[in-house]
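# Remarks on the overall topology
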Amino acid sequence: MATVGAAPTLFLRKATGLVKGWSRFDAFIYSFMSVNLITLGLYYALSVLAFVPGGQVLPAIILSGVFVTFLVITYAGLISAMPRAGGDYVWQSRVLGGGIAFILAVTGWWFILWHWAPIYANILTVEVLQPLFAIFKWTGAVTWLGTHNGIFITSVGTIVLAGVLVSLGMEGYAKVQRVCFYLGMAALAVMLLILLFGSKSGFQSAFNSESANLFGAKGDVYAQTLRTAATANGVPAMKLSLTPFFGASLLLVPFMAFWILYPNWGATLYGEVRGSGDFRRVMNGMMWGLWVTIAFAIIIVLLMAKTFGWQFFNAANANYWFPLYGGTAAPTIPIFPYPPLLASFYVHSAVFQAIIVLAFGAWFLGWAGTLFLSSTRVVFAAAFDRILPEWAASVSERRHVPFGALALMLFPSIIVSALYAYKSGFITYTLDATLVIAVTFFGTAIAAVVLPWRKKSLYENSTIARYKVGGVPLITISGAITAGFLGWMLFKWFTDSLYAINNKASLRYLVVLYGLAIAVYAIAYVVRRRQGIDLKAIHQEIPVE
Amino acid sequence: MPKIFYVTDIHGSEICWRKFLNAGPHYGADIVIVGGDITGKAMVPIVERGGRWDTTMFDQHVTLETEDEVREIEKKIQNRGYYPIRVSEEEYRHMQEDEDAVDKRFKEVMIEGTERWIAMADDKLAGKVTRVIVCPANDDMFEIDPILKSGHVVEMGGSDPMELEGFEMVSYGWTNPTPWNTFRELPEEELGRRLDKILEKVTDPSRTIFNIHAPPFGSGLDEAPALDENMNIKAGGRALRPVGSTSVRAAIERIQPVLSLHGHIHESKGALRMGSTLVLNPGSSYEEGILQAALITLDAKKHTVKSYQLVNG
């Protein structure tokens, strides 16, 4: 076969469902808000660089982006081949089998999201509530947020907020996200302008002044921050360069995964998009979301280094995080050194600072719904497959709120939040949050690798069949690279104490999570069999000939 | 206990039809039903140009050198639910300029395709299953009805109650209006009146099965992406609208059949209870060659649905 000359065009008749297309920009916004540089990136990725002083953040960001690019290609290929709601669950079900799909999908898209609830809440606390209360000198409120009750109440508030956003429905939430996108970008532009035109000496002065004003700190707090980091927390001189591009910089990649791994977060939703068979369109939405975020991350890093001082930025973050991992030195300011707040110190106005923090809060609001939105779709898919009871897919008559799926998210999230707030040591289990999701993505990557052989007709009947490299299906190549990337990160998480989850307690907890998923499937299998329903039949392919 | 295998909206997909023909024995179903919209939506021209053939597959221009290559791509086109048509350059240009010529050709390929499918079913399903019921729906032109009626094994589902191993099934393929002004659409008021008349024949709701193409409005089985005035999908497909029929909903709520089977909205796969009625839409992934279906086991003695399952064959 060759490809020359003018292409004949299809003849279409008037028939239900023939539509023209959909906006890439909408897909971009969802992806961009999922790979959330502000809420996730500034929180536990760019702030923990001092854990790996020999590593370099810029290569780590670029390498992560390159690897996640293959994840995007893999997911876009699967969306194109099997564009129906359920995402990872549906793909793994069809390619790997229903049991393994259920176990991997519900742990990664349902159970572990319970643990993300207090993480979301903590992000709300350190990036919005504590900065705001600090600006208005409500010291008691700042302190209260760090108490057991404060942590629990904030978690419940976040869970309710995420529930409300899901209740708005996809369309309502899309509107909220669009507003948040513009507001968040405006706030980011202001911050970048401050960092671009502000001087380092000017920032030192502003930081010292506002630390005294807001927190009652005395003297040269900027210098004290550097000293505390160096002497009490052992932070060496931090460089910002492109070398080593690999080596120690690779150790930062699993930290970068905390924010950069999710441009595919909308994958469970694409089933509702007619035309998602268009591989390139789906891929472009996610790819732009990924790489625009990476571009902003690099710009922010460079500007923070210029204006805050790279050593100071890392020192302030180390002083915040090290005490949580056993360090004894008190940080020089009592709250998370949130970069937008630090930048706002340039303007000595509480109102301006509050506006900046609130406007940056749009990044949180436009992202908070992701906590439950995709999860509800997986719950629906499992209920339609009769693994979960019918009520799990129930939707309210009036407002179409998926109350069954929401209940399965909300109540366990509240219990996990209570454990997080009141049971010492439980907080460490939330460090498994990215790992469990990566395991799910790993399963999907494997499904992608074998798709052309395991589901030959499905593959050959899809648009992705024409994308090959050296005769090998593109989805197999991208899936293999993604699986290799995720597999390497899983190996590091399980073996390297740097990530604080290679311990028995963490392993035991993972066993509980996966054991719960296995138990649910096993119970469903037995119960349904008694009802004359064979769960194995759900994805059995009917012979064609 | 009668076991039903129900699919809908296969829209000309050859692979889905072939799977449907094997589904009864595969799942142990006695009764196999296609709920409507069996014909395809597009014709893919394969244009003869200087001894070679040009066509478009997956938005890619392909030139074919041999008869085997043409047959291979015709098979792929058919599997996606489109009709491959071999045309000369002159015919192709004429069809581009003349809508009537396109309509005429559409009729020809839809009739030919339906005749071929019914012949395949008669040949393959005789003695394999108890009943084979195929219904026309809004996207199917009226000319296919006589073909469905002419089948030896295949029966055309219609508005007269059809006895079904202790149950009675009423089929209706007309829908409320769509933006595409398809063959069998009626304003809600008229649709409601016609449904009321049809349902006068229902004698025992507990033994009644609805096979109505349009899903009930606001049931969640009828959510389709919202469209703007240019037929583009709004909000990246995240804006969904209930587009089902209020008349169908009213009929279900009033009659309370034991089972109500629907299709029409491919994305809205699901199951729910409306009162004592189990309402199902198995959805459709015909373009991917996946036969989404509902397997329902009925209890003829108790007049209940014993179990159901949505499968992806």
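Residues numbered from 1 in each chain as written. Chains lettered and ligands numbered in written order. Predicted model: local features only at pLDDT ≥ 70, side-chain atom pairs only at ≥ 80, totals over all residues. Heavy atoms only, no water.

## Regarding the overall build of chain B
Formally: Under the DSSP-based scheme used, a helix requires at least four consecutive residues in state H or I and a strand at least two consecutive residues in state E, with every element numbered from the N terminus. For the radius of gyration, the atoms used are the C-alpha atoms, and the globule rule reads 2.2 Å times the number of residues raised to 0.38. Burial classes follow relative accessibility: with a 1.4 Å probe on protein chains only, a residue under 20% of its type's maximum area counts as buried, one over 50% as exposed, and anything between as partly exposed.
For chain B, the helix and strand inventory stands at 7 helices and 19 strands. Against the globule reference of 20 Å for 313 residues, chain B gives a C-alpha radius of gyration of 20 Å, in line with a compact fold. Expressed as lengths along the three principal axes of its C-alpha atoms, the size of chain B is roughly 65 × 50 × 30 Å. Burial analysis of chain B (313 residues in total) assigns 65% to the buried set.

## Looking at the overall build of chain A
Where we set the bar: A contact between two residues is defined here by any heavy atoms of the two lying within 4.5 Å. Here the open area of atoms and residues is found with the Shrake-Rupley method and a 1.4 Å probe, where only the protein chains shown may cover a residue. Working convention for charge: Lys and Arg count positive, Asp and Glu count negative, and His plus the chain ends are omitted. All charge positions are set by atom: Lys at NZ, Arg at CZ, Asp at CG, Glu at CD.
What chain A contains, in helices and strands, is 20 helices and 4 strands. For 545 residues, the compact-globule estimate of 2.2 N^0.38 gives 24 Å, and the C-alpha radius of gyration of chain A, at 24 Å, lies within 12% of that figure. Once the C-alpha set of chain A is aligned to its principal axes, its extents read approximately 85 × 60 × 45 Å. Counting every position in chain A, which comprises 545 residues, the buried fraction comes to 61%. Summarising the internal contacts of chain A: among those between residues at least 6 apart in sequence, 83% fall at separations of at least 24. Carbon and sulfur atoms make up 69% of the accessible area of chain A, which amounts to about 19,000 Å² in all. The positive charge centre, built from 34 side chains, and the negative charge centre, built from 17, are 2 Å apart in chain A.

## Concerning the interface of chain A and chain B
For clarity, the threshold we go by: One speaks of a salt bridge when a side-chain nitrogen belonging to Lys or Arg is within 4 Å of a carboxyl oxygen belonging to Asp or Glu. Counted as a polar contact is a pair of N or O atoms within 3.5 Å, where, for protein atoms, one must be capable of donating a hydrogen and the other of accepting one, and residues adjacent in sequence contribute only when both atoms are in side chains. Just so you know the grouping, Ala, Val, Leu, Ile, Met, Phe, Trp, Tyr, Cys and Pro go in nonpolar, Asp, Glu, Lys and Arg go in charged, and all remaining residues, Gly too, go in polar. At least two bridges found by DSSP between two strands is the condition for calling them paired.
In this assembly, 66 residues from chain A lie in contact with 87 residues from chain B. On inspection of chain A and its partner chain B, the count reaches 3 salt bridges. If you look at where chain A meets chain B, you find 22 residue pairs in polar contact (both at pLDDT 80 or more). Of all the secondary-structure elements, those providing two or more residues to the side of chain A that touches chain B are β1 (11-12), β2 (21-22), α1 (24-34), α8 (169-197) and α18 (456-460) of chain A. Tallying contributions element by element places α8(A) first for the side of chain A that touches chain B, with 5 residues. Split into classes, the residues belonging to the side of chain A that touches chain B amount to 30 nonpolar, 18 polar and 18 charged. In the sheet, β1(A) pairs with strand β3 (residues 42-49) of chain B via 2 bridges, with the strands oriented antiparallel. Looking at β3(B), one finds that Leu12(A) is bridged to Ala42(B).

## A closer look at the pairing of strand β10 (residues 167-172) of chain B
All names here are of chain B. In terms of burial, β10 is largely enclosed, as 5 of its 6 residues are buried. Here strand β9 (residues 162-164) pairs with β10 via 3 bridges, running antiparallel. What sits directly across from Leu164, in β10, is Phe167. Between the end of β9 and the start of β10, which pair antiparallel, lie 2 residues, with Glu165 showing a positive phi angle near 50 degrees. Looking at chain direction, β10 and strand β11 (residues 208-212) are connected through 5 bridges and run parallel. Bridging across to β11, Ser171 finds its partner in Asn211.

## Digging into unusual backbone geometry
Here the bond from Thr243(A) into Pro244(A) is cis, since omega is 0 degrees, no more than 30 degrees from zero. When you line up the elements, Pro244(A) lands in the loop between α10 (221-231) and α11 (248-260). Although it is not a glycine, Arg386(A) adopts a positive phi angle of roughly 70 degrees. You can see Arg386(A) is positioned in the loop between α15 (373-384) and α16 (403-422). Taking the relative accessible area as the measure of exposure, Arg386(A) reaches 6% and is therefore buried. Phi angles above zero are rare outside glycine, and His303(B) is one such case at about 60 degrees. Within the element layout of this structure, His303(B) appears in the loop between β18 (292-299) and β19 (304-312). What makes His303(B) partly exposed here is its relative accessible area of 24%.

## Here we look at the sheet that holds β19(B)
All names here are of chain B. Just so we agree on the cut-off: All axes here are fitted lines through C-alpha atoms, helices being fitted over the stretch that makes contact, and every angle between N-to-C directions spans 0 to 180 degrees.
The sheet built from 6 strands is open, its strands ordered β8-β7-β2-β1-β18-β19 with mixed pairing. Among the strands making up the open sheet, the edge pair consists of β8 (154-156) and β19. In this sheet, adjacent strand axes meet at a mean angle of 20 degrees when their direction is disregarded.

## Regarding the sheet that holds β11(B)
Residues and elements named next belong to chain B. On the basis of which strands lie adjacent, the open sheet formed by 6 strands has the order β9-β10-β11-β15-β17-β16 and mixed pairing. Looking at strand neighbours, the two that pair on one side only are β9 and β16 (270-274), the edges of this open sheet. On average, adjacent strands in this sheet sit at an angle of 25 degrees to one another, irrespective of strand direction. The strands that helix α6 (residues 188-199) touches are β10 and β11; relative to β10, the one it contacts most, it runs at about 155 degrees.

## Observations regarding the packing of helix α4 (residues 88-96) of chain A against helix α5 (residues 98-135) of chain A
All names here are of chain A. Using the following cut-off: Any angle from 65 to 115 degrees is called roughly perpendicular, while one under 35 is roughly parallel, one over 145 is roughly antiparallel, and all others are oblique. Here is the rule for handedness: rotate from the far helix to the near one, and if that takes an anticlockwise turn smaller than a right angle the crossing is left-handed, while a clockwise turn gives right-handed.
Where α4 meets α5, the axes come as close as 7 Å, and the angle between the chain directions of the two elements is 160 degrees. On the basis of their axis angle, the class for α4 and α5 is roughly antiparallel. Helix-helix and strand crossings are classified by hand; for α4 and α5 the assignment is right-handed. Contacts between α4 and α5 involve Asp88, Tyr89, Gln92, Ser93 and Leu96 from the first element and Gly98, Ile100, Ala101, Phe102, Leu104, Ala105 and Trp109 from the second. Grouping the constituent residues of the contact of α4 with α5 by class yields 8 nonpolar, 3 polar and 1 charged.

## Some points on the environment of Leu46(A)
Residue and element names in this part refer to chain A. Its location among the elements puts Leu46 in the loop between α2 (37-44) and α3 (57-81). Residues Leu46 and Ser201, spaced 155 residues apart in sequence, show a C-alpha to C-alpha distance of 23 Å. Not counting the four nearest positions on each side in its chain, Leu46 is found in contact with Leu37, Gly41, Val57, Ile61, Met256, Val301 and Phe313.

## Here we look at α10(A)
All names here are of chain A. Cut-off, in case you're wondering: By definition, the arc is the one covered by directions from the helix axis to the C-beta atoms.
Taken residue by residue, α10 has Val221, Tyr222, Thr225, Thr228 and Ala229 as its buried positions. Around the axis of α10, the buried residues are gathered within 125 degrees of arc, so they sit on the same side. In α10, the exposed positions that point more than 90 degrees away from the buried face belong to Arg227 and Thr231.

## Remarks on the side chain of Arg94(A)
Following the sequence through the fold, Arg94(A) ends up in helix α4. One polar contact links the side chain of Arg94(A) to the main-chain carbonyl oxygen of Asn312(B), over a distance of 3.0 Å. Look past the residues within four positions of Arg94(A) in its chain and what remains in contact with it is Met82(A), Lys455(A), Leu458(A), His539(A), Glu541(A), Ile290(B), Asn312(B) and Gly313(B).

## Brief notes about the confidence of the model for chain A
The condition is simple: For every residue, the predictor states its confidence as a pLDDT score lying anywhere from 0 to 100.
For chain A, the mean per-residue pLDDT works out to 91, and 95% of the residues sit at or above 70. Within chain A, the lowest mean pLDDT, 58, falls on β2(A), and the highest, 98, falls on helix α13 (residues 339-344) of chain A.

## Brief notes about the environment of Leu419(A)
By the secondary structure assignment, Leu419(A) is in helix α16. For Leu419(A), a relative accessible area of 31% gives the class partly exposed.

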